[in-house]
Amino acid sequence: MNNFSAKKLWDILWKRKIHILIISIIGMIIGVIFSSPKFITPKYKSVAVVYPSNISPYSDESESEQLFQWFLSSDIKWQVIEKYNLYEHYGIEKGSPKSLAYIINEYDNNVKIEQNSYDAISITVFDRDPQIACDMVNSIIDFLNINIRKIHKEKFGEVVPIYEKTIERSLAQSAKLTEEIVEIGASNDLLFYISKALGITSKKANNSSSIGYIDSVGPEYLNSILQLMAINGSLETLLGNYNIAYANLQKEFSYTNMLSHPYVADKKSTPVRWIIVLFSGIAAFMLSYVAFICVENIPNKKEEE
């Protein structure tokens, strides 16, 4: 005989319905009590959603993935912990055994950084103080901008002096070549040398002694001009790159575009009391029902023996 047939289960439920109902209500009352602020500290949520800006991707990483990694950096985490004195705020004694693990665990439980399918980054902070939750979101974004800006300034701070030295050296070479060309042009027939070097026929070419002199000086003169043109061309490129690097060094970039600004919540996010109360009632119902099934089945086992 199947002692747990559907009819048997229904008979037990109907027979013990009053007891089960009372126990379920008691379970819900317990849920109400233990979900109160005396047992579970209510927390408020503040959220910001941002997109990357002024960020150059590395390797195969997208701008959003790079920004996401920055938000997860330990530097930002510790800057926030220090600014808001989270050791004291979370009730952790700084320097005590495992205090480091405790503070990191509390931070990770209360601060959520997520990347959605649209390449946006959401920063969510939970805290018992709604103002602190909102301020922490803003601080995380501020620290991200400060840290990336610092890295970029260090990079451009290295590049700018290199450009300056290269430009200085190119200017010196250009000045030297210009001086040489001017000297040759002042002491000789400039147009004649150029025409000879380019292979243009000239009446002065009938003078054999002049031809020998021109053949030795003309190519060198033309080569100096070509070198000067090449140096001046590279100088133009160098000056353009230098101006860009110098401008980037001086600018105060922001590396996030704010899609959704954080705000001070006026309603708690956790705990959700009705879910706790409902779960407590269901748990009490199930436990009491199983207990009564076991109790009702004991005599049957004795009779079978």
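Quick look at the structure, then.

Definitions and limits used
Residues numbered from 1 in each chain as written. Predicted model: local features only at pLDDT ≥ 70, side-chain atom pairs only at ≥ 80, totals over all residues. Heavy atoms only, no water. Pairing = 2+ DSSP bridges. Helix = DSSP H or I, 4+ residues; strand = E, 2+ residues; numbered from the N terminus. Phe/Tyr/Trp six-rings, centres within 6.5 Å; stacked < 30°, edge-to-face > 60°. Buried < 20%, exposed > 50% of the residue type's maximum accessible area, 1.4 Å probe, protein only. Lys NZ or Arg CZ within 6 Å of the ring centre and 35° of its normal. Axes fitted to C-alpha atoms, helices over the stretch in contact; angles between N-to-C directions.

**Overview of the pairing of strand β2 (residues 111–115)**
A regular strand places its side chains so that they alternate between the two faces of the sheet. As paired strands, β2 and strand β3 (residues 121–127) are joined by five bridges and run antiparallel to one another. Its bridge partner being in β3, Lys112 is matched across the sheet by Thr124. Connecting β2 to the antiparallel partner β3 that follows it, the hairpin turn spans five residues, and Asp119 within it adopts a positive phi of roughly 70°.

**Regarding the packing of aromatic side chains**
A full pass over the atoms with the stated rule returns three aromatic pairs. Between Trp10 and Trp14, the ring centres sit 6.2 Å apart and the planes meet at 25°, which makes this aromatic pair stacked. Pair noted here: Trp10 and Trp14 are both in helix α1 (residues 6–15), with a separation of four residues, about one helical turn. By the burial criterion, Trp10 is exposed, and Trp14 matches it. When the centroid spacing of 5.9 Å and the interplanar angle of 35° are considered together, the rings of Phe285 and Tyr289 count as tilted. With Phe285 and Tyr289 both in helix α10 (residues 273–304) and four residues apart, this pair spans about one turn of that helix. The exposure class assigned to Tyr289 is buried, which follows from its relative accessible area of 14%. Stacked on the ring of Trp14, the Lys or Arg Lys17 has its end atom at 4.0 Å from the ring centre.

**Describing the sheet that holds strand β1 (residues 44–52)**
Spatially, the four strands line up as an open sheet ordered β2-β3-β1-β4, and their pairing is antiparallel. This sheet does not close on itself; its edge strands, each paired only once, are β2 and β4 (256–260). When strand polarity is set aside, the average angle formed by the axes of neighbouring strands in this sheet is 25°. In this sheet, β3 lies alongside β1 in antiparallel orientation, the contact comprising seven bridges.

**So, unusual backbone geometry**
Note on backbone geometry: most residues besides glycine have negative phi, and most peptide bonds are trans. With an omega dihedral of -5°, the bond running from Thr270 to Pro271 counts as a cis peptide bond. In this structure, Pro271 sits in the loop between β4 and α10. Despite not being glycine, Asn85 has its phi angle at roughly 45°, a positive value. Along the chain, Asn85 turns up in the loop between α4 (74–83) and α5 (86–89). Asn85 sits in the partly exposed class, given a relative accessible area of 39%. One non-glycine residue, Asp119, lies in positive phi territory at about 70°. With relative accessibility at 37%, the residue Asp119 sits in the partly exposed group.

**Examining the environment of Thr237**
Looking at the element boundaries, Thr237 is found in helix α9 (residues 208–250). Sequence separation of Thr237 and Ile167 is 70 residues, and the distance between their C-alpha atoms is 10.0 Å.

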